[in-house]
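What the coordinates show
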Amino acid sequence: MTDDPFAAPRSAAPNWATESTQTWAITHHAEKHPSERADHLAAHPRPGVVRGAARVRADHSAAAVAWNPSAAPAGQWPTGQPDVPASLLRADALTPDEHADDDPEGRLAEAGWRLDPRTLREVAARPQELRSLRADLTDRLSRPADDTTRARLLSVRAVACRLLGDLDDALADGNEALASAKLTGQLRQIAVVRARLAHVCQWRGEFAAADRLYALADSTDLPGLLRATVHEQAGRSCYEQGRMIEACQHLDLAVALCPPGSNVLLDRVALALTAIAETARQVGFGPLPRDRAAVLGSAPPPSLTRDEHTGSWGYADEHGRQIVAPTYVQAQPFGDGVAWVQRAGGGCWQLIDRTGVTLTPATYDDVRPFRRGVAAVRQDGWGAIDTAGTVVVPMRYNAFATALTDGRYLDGFTDEGLAVVEAAGWRGVLDRTGRQVVEPRYRAVVIHPLAFLIADTGGRWGALDRRGRPLITPAHADRRAADAVVTRQLRLVAPVL
């Protein structure tokens, strides 16, 4: 586990409760930043899809000044660069001004509760405020609203119902909220709604459903604070099940993902570790931890097999039974239930399902793996298709060059359904439907969890918000400086799950 994750007064847990019990892969917050070579690759990619980047320790000491987008018309950069206070951003909102005058989450947080040190469940301090909030939300939900608003209000009401002990109502609200959130396609909102529904299932004793929802809520594309909050809650779920080692894994990740100043979350982790230490002393650590596939209850995908006589490729199930005959000269691993293959004499790629049924003709010169139902493909130009073979992004781009601020380069789209594309030498951002979120007019674009970092024609770095509107003036020598400004100027509010 992380070394000394808590200050001395924060936890009364014994030493053994905070020491590592096995090796876990952790990426620490301070180490997740690309090198200067990664900056160069972001601005000068090879044709096709850019991959690979080294990681160096982040330097957040670079001097940089932010611009307040409200000081100038949308789409225009200001001439001055006044320093402004940080803007608070809800975990399920794209921009700080989204529903800025409407804050049911704030009312939920102000209602107050404490964690029971034995059960690690919340105890409402002022239930009458929760009842008032629930009544107000019910009134608002009686009026028409878009999917984003409806998902938000229903999920907050689900939390209020859970804290009040009305678990059937909480479950109904949570399921309806998730259905609405999925229609929005917004990864952060879906993650928050899933985690809130998972918490309801946890309190109902439906742990398999709860743990699956927590696993689905987590994504490396999410901000660290949101991921940390999900893992902290997933750890408490494992504690309730007697899975103490697995609980420690989640809590370890929560500490590693916490941004500086997350004292409230660290206090909850400390309390959980104290409870784990006491319970483990009495009844032991429980079963060995599960991997993600076991938590999700998903069957392993078919694995590649090769005929030693013909050199052809096929696929077998988890028991080694051949389910797709070895008839392909080239084949890629399965992902999202489909795989790319090439037949002899063809030279182009086509898509098959788990039974070998062909989903697309052999027309693609180059292809990339599927990620959340979408894959980048090349047919003259680069575009994208879904798992049914339907073209969702026209084949008109020169390259997919999706760079992330943690140093990763993706083969197409992020979990959030965003991709950086190149057209005529300029970079922009598309979503998985092909809609332009950022027009291709920048020398380089890097996807930040809360914004888009952009470089202008002079190589100066700035940022856009998640609506593609100016956020930080392009005035910084490298993207680390622009990243530091975004980190200071957009403060994510920890969600109430």
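In this report, the structure presented in the accompanying data block is examined.

Cut-offs and rules
- Residues numbered from 1 in each chain as written.
- Predicted model: local features only at pLDDT ≥ 70, side-chain atom pairs only at ≥ 80, totals over all residues.
- Heavy atoms only, no water.
- Helix = DSSP H or I, 4+ residues; strand = E, 2+ residues; numbered from the N terminus.
- Buried < 20%, exposed > 50% of the residue type's maximum accessible area, 1.4 Å probe, protein only.
- Pairing = 2+ DSSP bridges.
- Axes fitted to C-alpha atoms, helices over the stretch in contact; angles between N-to-C directions.
- Parallel < 35°, antiparallel > 145°, perpendicular 65-115°, else oblique.
- Left-handed = near helix turned anticlockwise from the far one by under 90°.
- Contact = heavy atoms within 4.5 Å.
- Expected span 1.5 Å × (residues − 1).

**A short note on the overall build of the chain**
Secondary structure summary: the chain contains 12 helices and 24 strands in total. Within the span of the chain, comprising 497 residues, buried residues form 52% of the whole.

**Observations regarding the sheet that holds strand 6 (residues 313-316)**
Ordered in space as 5-6-7-8-9, the 5 strands form an open sheet in which the pairing is antiparallel. Either end of the sheet is taken by a strand with one partner, and the two such strands are strand 5 (303-306) and strand 9 (350-353). Recorded for the sheet is a direction-independent mean angle of 45° between the axes of neighbouring strands. Across 3 bridges, strand 6 lies against strand 7 (residues 322-331) in antiparallel orientation. Across the sheet, the residue bridging to Trp 313 is Tyr 328, located in strand 7.

**Structural notes on the packing of helix 8 (residues 224-240) against helix 9 (residues 244-257)**
It is the contact of helix 8 with helix 9, at a shortest axis distance of 8 Å, that shows an interaxial angle of 165°. In terms of orientation, helix 8 lies roughly antiparallel with respect to helix 9. Note that helix 8 runs across helix 9; the crossing there is left-handed. Packed against helix 8, whose contacting residues are Gly 224, Leu 225, Arg 227, Ala 228, His 231, Glu 232, Ala 234, Gly 235, Cys 238 and Tyr 239, the element helix 9 presents Met 244, Glu 246, Ala 247, His 250, Leu 251, Leu 253, Ala 254 and Leu 257 at the interface.

**Concerning the sheet that holds strand 20 (residues 444-447)**
Pairing is mixed in the open sheet, where 6 strands are placed in the order 16-15-20-21-22-23. Single-partner strands in this sheet number two, and they are strand 16 (409-410) and strand 23 (470-476). Both strand 22 (residues 461-464) and strand 23 contribute to a ladder of 3 bridges, which runs antiparallel. The partner of Trp 461 across the bridge, within strand 23, is His 476.

**Considerations on helix 5 (residues 167-184)**
End to end, helix 5 covers 26 Å across 18 residues, agreeing with the expected 26 Å (1.5 Å per residue, within 8%). Here helix 5 has its buried residues at Leu 167, Ala 170, Leu 171, Asp 173, Gly 174, Ala 177, Leu 178, Ser 180 and Ala 181. Considering only its buried residues, helix 5 is in contact with helix 4 (147-163), helix 6 (187-203) and helix 7 (207-217). Directly after helix 5, the chain includes Gly 185, whose backbone phi takes a positive value near 75°.

**A word on the environment of Asp 483**
Within the secondary structure, Asp 483 sits in helix 12 (residues 479-489). When its relative accessible area of 6% is taken as the criterion, Asp 483 is described as buried. Between the alpha carbons of Asp 483 and Leu 453 there is a distance of 7.2 Å; along the sequence they are 30 residues apart.

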